[in-house]
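As a plain string of letters, each chain reads:
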There are 2 protein chains.
Amino acid sequence: MENGKLTESLVRIIAETGPADAEPAFATAKQGLLDYMGAAWKGRAQAETDRLLRYVSGSGQALLLGSGQGASAELSALYNGYLGHYLDYDDVNQTVRGHPSTVLYPALLAVASLRPVTGKRFLAAYVIGAEVMARLAQAMGQQHYRKGFHNTATLGVLASAMATGYLLHLDTDRLLNALGIAAAQVSGIRLNFGTESKPLQAGLAAQKGVQAALLAEAGIAAGHTVLDGSQGIFSLYGEGVREDTREILLGKWGRSWELCSSGLWFKLYPFCSGASHIADSARQLYQAGGFLPEDIQKAVLVFPPGGDAALIHRRPATGEEGRFSAEYVAAVGLNGLAYTLENFSPKPVSVQLRQCMERVERQYDATIIPSKTAMPPGRFAVVRVYLKDGRILEHRTDIPKGSPGNPLTEEERYQKLLNCCSENLALNLSDAVEVLEDRMDTNSLIQILKTKYHRQF
Amino acid sequence: MENGKLTESLVRIIAETGPADAEPAFATAKQGLLDYMGAAWKGRAQAETDRLLRYVSGSGQALLLGSGQGASAELSALYNGYLGHYLDYDDVNQTVRGHPSTVLYPALLAVASLRPVTGKRFLAAYVIGAEVMARLAQAMGQQHYRKGFHNTATLGVLASAMATGYLLHLDTDRLLNALGIAAAQVSGIRLNFGTESKPLQAGLAAQKGVQAALLAEAGIAAGHTVLDGSQGIFSLYGEGVREDTREILLGKWGRSWELCSSGLWFKLYPFCSGASHIADSARQLYQAGGFLPEDIQKAVLVFPPGGDAALIHRRPATGEEGRFSAEYVAAVGLNGLAYTLENFSPKPVSVQLRQCMERVERQYDATIIPSKTAMPPGRFAVVRVYLKDGRILEHRTDIPKGSPGNPLTEEERYQKLLNCCSENLALNLSDAVEVLEDRMDTNSLIQILKTKYHRQF
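All values reported here derive from a predicted model rather than from experimental measurement.

(A) Representation of the relation of the copies chain A and chain B. Note on the copies: chain A fits chain B at an RMSD of 0.2 Å, the axial shift is 0.0 Å, and the rotation between them is 180°. Those values place the two copies in the arrangement expected of a two-fold rotation axis. Every residue of chain A has its C-alpha some distance from the rotation axis, and the shortest such distance is that of A:Ser187, at 3.0 Å. A shared binding surface is used by both copies, with 100% of the interface residues of chain A retained as interface residues in chain B.

See below:
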């Protein structure tokens with residue numbers, strides 16, 4: 001396909017997509033919705049999130065998850081997006097190299113809590129948003145993230161504007177304006193990682209997407225070529241418009257949804273997904289049994305070169321720092337402890353785990369060939385345990401549990417939800433999501449989410 | 001000076017600046033305030049701006065200029081920023097290559113309309129905001145704008161966050177957080193020029209700056225190195241951190257304010273400043289007299305190569321398109337018509353002016369040496385008129401009227417204000433601004449701005 005008029009073509013194909021066209025992806029969309037709500041509910045359980053709640057509450061009637069209060073649509077999206085990403089426990093899409101649901105669902109829930117929308121259109125808007133986000137990520141290219149942009153935020157603002165615009169039934173002209181207004185707000189930086197501005201950036205993307213769609217609905221105009229040419233966003237933020245950009249953005253639209261092909265990675269553990277391989281292997285070795293923690297002489301963690309870049313802490317002082325520590329994650333698993341939120345809290349690391357970590361070291365091996373189906377591509381980890389009796393035990397993980405190549409079972413997903421909220425709430429949420437596409441509105445789901453959360457001290 | 005810790009150093013020097021330190025720049029700051037208010041008031045007179053008014057109004061108690069209603073602080077900043085830039089009639093700073101006042105004053109007025117702030121701190125916050133915006137522009141480098149970013153928006157979000165944070169008396173830690181949150185929102189694109197998303201982008205920068213400062217005040221944390229290193233904003237959006245970046249950001253701070261050295265360019269005419277040179281020369285030639293429009297055989301407009309890049313319309317159909325047309329601006333002047341808003345409205349171009357434009361052509365001359373004090377540097381225009389009787393008349397402008405090298409007199413600035421609002425309002429605004437730095441609060445000024453504007457049909 002030729003390039004030219006990329007912006008108009010993309011918007012036209014979105015506007016022409018019927019909710020029924022997106023049905024093949026509804027099952028994954030609903031898994032994403034439940035997972036988002038669980039992660040956000042658990043985020044709500046963190047006392048620090050009260051600060052943002054105070055900032056947003058009282059500005060309107062839109063949903064503030066787990067709160068009896070309300071906010072404007074834009075600030076509802078900000079808060080619920082922040083909550084969903086607060087613990088970095090929400091889903092990941094490989095193509096996006098980021099977190100789609102915690103941007104898209106807050107934007108859609110903000111609007112759906114103020115206006116009647118059918119369950120089917122709500123889910124279709126999410127499917128389209130995830131599709132746009134993944135295709136834009138591919139069109140933007142790999143350098144974007146590597147340079148220091150935060151894909152969840154930068155691509156999220158465009159995707160949430162399109163998802164919200166679709167939900168609002170904007171016509172092509174207004175949808176183009178929404179994209180133009182969103183393109184004026186592409187931003188988000190990795191230098192804010194490790195602070196609560198990381199989850200804030202997810203919320204800001206949702207806020208701006210909602211605002212862009214509502215401004216367009218109100219009749220504000222914008223440029224209609226923001227994806228095109230040498231001053232468009234691919235040129236400003238990526239590697240420019242390439243020969244295959246049109247194909248990437250439009251090819252096979254509606255015949256192969258991102259949510260069905262790449263799917264969503266549901267995190268089993270509340271820590272950086274870069275440590276998931278280590279976690280799986282450590283747990284496997286412990287469960288295979290035959291040793292006690294004190295039998296370990298040393299443990300070696302083997303990565304491909306650079307494969308541990310995100311794991312910046314080698315001797316974490318707290319469980320929270322342990323979220324970005326290969327040594328801590330390995331020690332927790334090799335000591336037979338569970339990967340619960342409690343073990344990754346701001347509490348100091350126990351003496352037992354500290355002593356264990358001192359016997360853990362990292363190595364890099366460029367000669368090991370990663371599996372062709374590795375998740376993420378090119379990644380693996382080996383955990384090798386040297387026991388005092390001379391035995392050497394080893395386990396390698398290429399496709400961590402929870403990623404689309406090794407998905408959670410329905411039971412495991414429900415177990416994760418139970419880790420995040422009460423049994424009663426988990427049941428109500430599951431029931432409401434189960435029948436969502438058959439509902440004339442999303443009210444019953446939103447009423448459940450308005451349940452006031454009472455924090456336990 | 002060495003680089004390293006640029007972010008912390010800049011924030012520290014801002015926090016340590018006393019309001020009295022900024023006093024040398026108060027006279028220019030007050031001229032900028034009056035000019036902004038006039039431009040915004042005239043923007044309010046355009047019926048199209050009602051759409052955004054409807055979107056923002058009712059969300060809180062902060063000022064909506066010329067409206068009896070109120071909005072949240074963030075949406076007040078959005079609306080008042082949009083109004084100020086709606087007609088592109090607001091001030092310009094050469095170093096910024098953009099419009100400082102229509103971002104900074106809306107942000108400051110939003111906060112000042114909700115909380116008591118002294119007149120002196122209000123003006124000092126503006127001086128600091130303009131200073132930060134100009135220094136960031138220099139540190140970012142020329143490629144940023146050339147690539148397609150919109151400096152008013154991209155630099156405006158950082159500057160308005162710092163100005164607002166200063167107004168709010170944020171301590172160094174919170175001011176750093178405000179800068180980090182703002183750095184996550186650096187955006188705005190030139191592809192939206194020519195649509196109302198251009199003024200919207202000015203408003204969005206103000207909105208985000210206010211929100212960043214208020215979120216930081218509420219205790220939200222962010223990265224503290226967002227200006228530093230290979231993933232900081234100079235690297236992501238500009239030419240990276242250079243040897244002189246530290247000197248650019250911090251050198252002579254408080255001893256040489258941008259508002260005193262470069263100053264502000266107050267637009268005399270409601271059109272693209274790139275056509276100002278043509279306007280001055282055409283008017284001079286007409287006023288020198290000796291010919292009637294029908295005596296003109298042809299007129300040649302001479303630019304340095306590329307000097308007319310912003311003037312994209314050669315045969316504009318409406319006065320509005322004529323804002324970006326060298327031919328239209330020349331024709332208006334050579335026909336002895338005034339450079340009023342009415343002649344640059346969406347109405348069709350008259351037959352008389354269309355016939356005149358057909359006799360106007362552009363030429364480029366790289367051999368002409370621009371004046372050392374040219375505004376902008378390197379720019380000039382020559383208008384050469386060939387009369388039917390064989391005479392050739394010529395006028396050249398290097399420093400257009402209104403720019404700091406050829407400033408408006410006090411009387412001319414007041415005349416501009418009278419073009420924008422009623423005599424009564426102009427008088428009240430002038431009086432309130434005159435004594436602003438001696439006032440314990442900004443209430444009397446804000447009360448005047450709340451005067452409800454009644455549009456004439």
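(B) Focus on the packing of helix H8 (residues 151-167) of chain A against helix H9 (residues 172-183) of chain A. All names here are of chain A. At their nearest, the axes of H8 and H9 sit 9 Å apart, and the two run at 155° to each other. Judged by the inter-axis angle, H8 sits roughly antiparallel to H9. The interaxial crossing formed by H8 with H9 has right-handed handedness. Contacts from Val157, Leu158, Ala161, Met162, Gly165 and Tyr166 of H8 reach H9 at Leu175, Ala178, Leu179, Ala182 and Ala183. Across the contact of H8 with H9, the residue classes tally to ten nonpolar, one polar and no charged.

(C) Representation of the domain arrangement of chain A. Residues and elements named next belong to chain A. Considered domain by domain, chain A is made up of domain 1 (6-268 + 413-449) and domain 2 (273-397). Centre-to-centre, using C-alpha coordinates, domain 1 lies 33 Å away from domain 2. Residue-level contacts link seven residues of domain 1 with nine residues of domain 2. The junction of domain 1 with domain 2 conceals about 790 Å² of combined surface from both sides, 66% of it contributed by carbon and sulfur atoms. Of all residues in domain 1, the largest losses of buried area upon contact with domain 2 belong to Leu87, Gln94 and Trp265, amounting jointly to 53% of the total for that side.

(D) Representation of the nonpolar core within the structure. In this structure, A:Leu52, A:Phe122, A:Leu227, B:Leu52 and B:Phe122 are the most contacted members of the largest nonpolar core, which totals 314 residues. Among the nonpolar cores identified, the runner-up in size contains five residues, and B:Val300, B:Val302, B:Phe380 and B:Val382 belong to it.

(E) Layout of the pattern of salt bridges. Residues and elements named next belong to chain A. Under the counting rule described, the total for this entry stands at 38 salt bridges over all chains. One salt bridge in this structure joins Lys267 and Asp88, with 3.4 Å as the shortest N-O distance. Placement of the pair is Lys267 in the loop between helix H13 (258-261) and helix H14 (276-288) and Asp88 in the loop between helix H4 (73-85) and helix H5 (101-112), with a sequence separation of 179 residues. For Lys267, a relative accessible area of 4% translates into the label buried. The exposure class of Asp88 is buried, given its relative accessible area of 12%.

(F) The environment of A:Arg44, seen in detail. All names here are of chain A. With respect to the helices, strands and loops of the structure, Arg44 is situated in helix H2 (residues 26-44). Along the sequence, Arg44 and Thr118 sit 74 residues apart, while their C-alpha atoms lie 27 Å from each other. Leaving out residues up to four positions away in the same chain, Arg44 has contacts with Thr49, Asp50, Leu53, Leu65, Gly66, Tyr79, Leu83, Tyr453 and Arg455. A distance of 3.5 Å separates a polar atom in the side chain of Arg44 from the backbone oxygen of Gly66.

(G) Quick peek at the interface of chain A and chain B. Counting from both sides, the interface comprises 49 residues of chain A and, opposite them, 49 residues of chain B. If you look at where chain A meets chain B, you find zero salt bridges. For the side of chain A that touches chain B, the secondary-structure elements that each account for two or more residues are helix H3 (50-56), H4, helix H7 (143-147), H9, helix H10 (197-217) and helix H11 (233-237) of chain A. Among the elements that take part in the side of chain A that touches chain B, H10(A) stands out by supplying nine residues, more than any other. In terms of residue class, the side of chain A that touches chain B is built from 23 nonpolar, 18 polar and eight charged.

(H) How the structure looks around the packing of helix H14 (residues 276-288) of chain B against helix H15 (residues 326-334) of chain B. All names here are of chain B. For the pair H14 and H15, interaxial distance at closest approach is 8 Å and the crossing angle is 25°. Classified by the angle between their axes, H14 and H15 sit roughly parallel to one another. Here the hand of the crossing between H14 and H15 comes out right-handed. Two secondary-structure elements touch here, H14 through Ile278, Ala279, Ala282, Leu285 and Tyr286 and H15 through Ala326, Val329, Ala330, Gly333 and Leu334.

Calculation rules
- Residues numbered from 1 in each chain as written.
- Chains lettered and ligands numbered in written order.
- Predicted model: local features only at pLDDT ≥ 70, side-chain atom pairs only at ≥ 80, totals over all residues.
- Heavy atoms only, no water.
- Least-squares fit on C-alpha atoms with pLDDT ≥ 70 in both.
- Contact = heavy atoms within 4.5 Å.
- Axes fitted to C-alpha atoms, helices over the stretch in contact; angles between N-to-C directions.
- Helix = DSSP H or I, 4+ residues; strand = E, 2+ residues; numbered from the N terminus.
- Parallel < 35°, antiparallel > 145°, perpendicular 65-115°, else oblique.
- Left-handed = near helix turned anticlockwise from the far one by under 90°.
- Nonpolar A, V, L, I, M, F, W, Y, C, P; charged D, E, K, R; others polar.
- Domains from an automatic or database assignment.
- Buried area = accessible area lost by both parts, 1.4 Å probe.
- Core = buried A, V, L, I, M, F, W, Y, C linked by side-chain atoms within 4.5 Å.
- Buried < 20%, exposed > 50% of the residue type's maximum accessible area, 1.4 Å probe, protein only.
- Salt bridge = Lys/Arg side-chain N within 4 Å of Asp/Glu carboxyl O.
- Polar contact = N/O pair within 3.5 Å; in protein donor to acceptor, adjacent residues only side chain to side chain.

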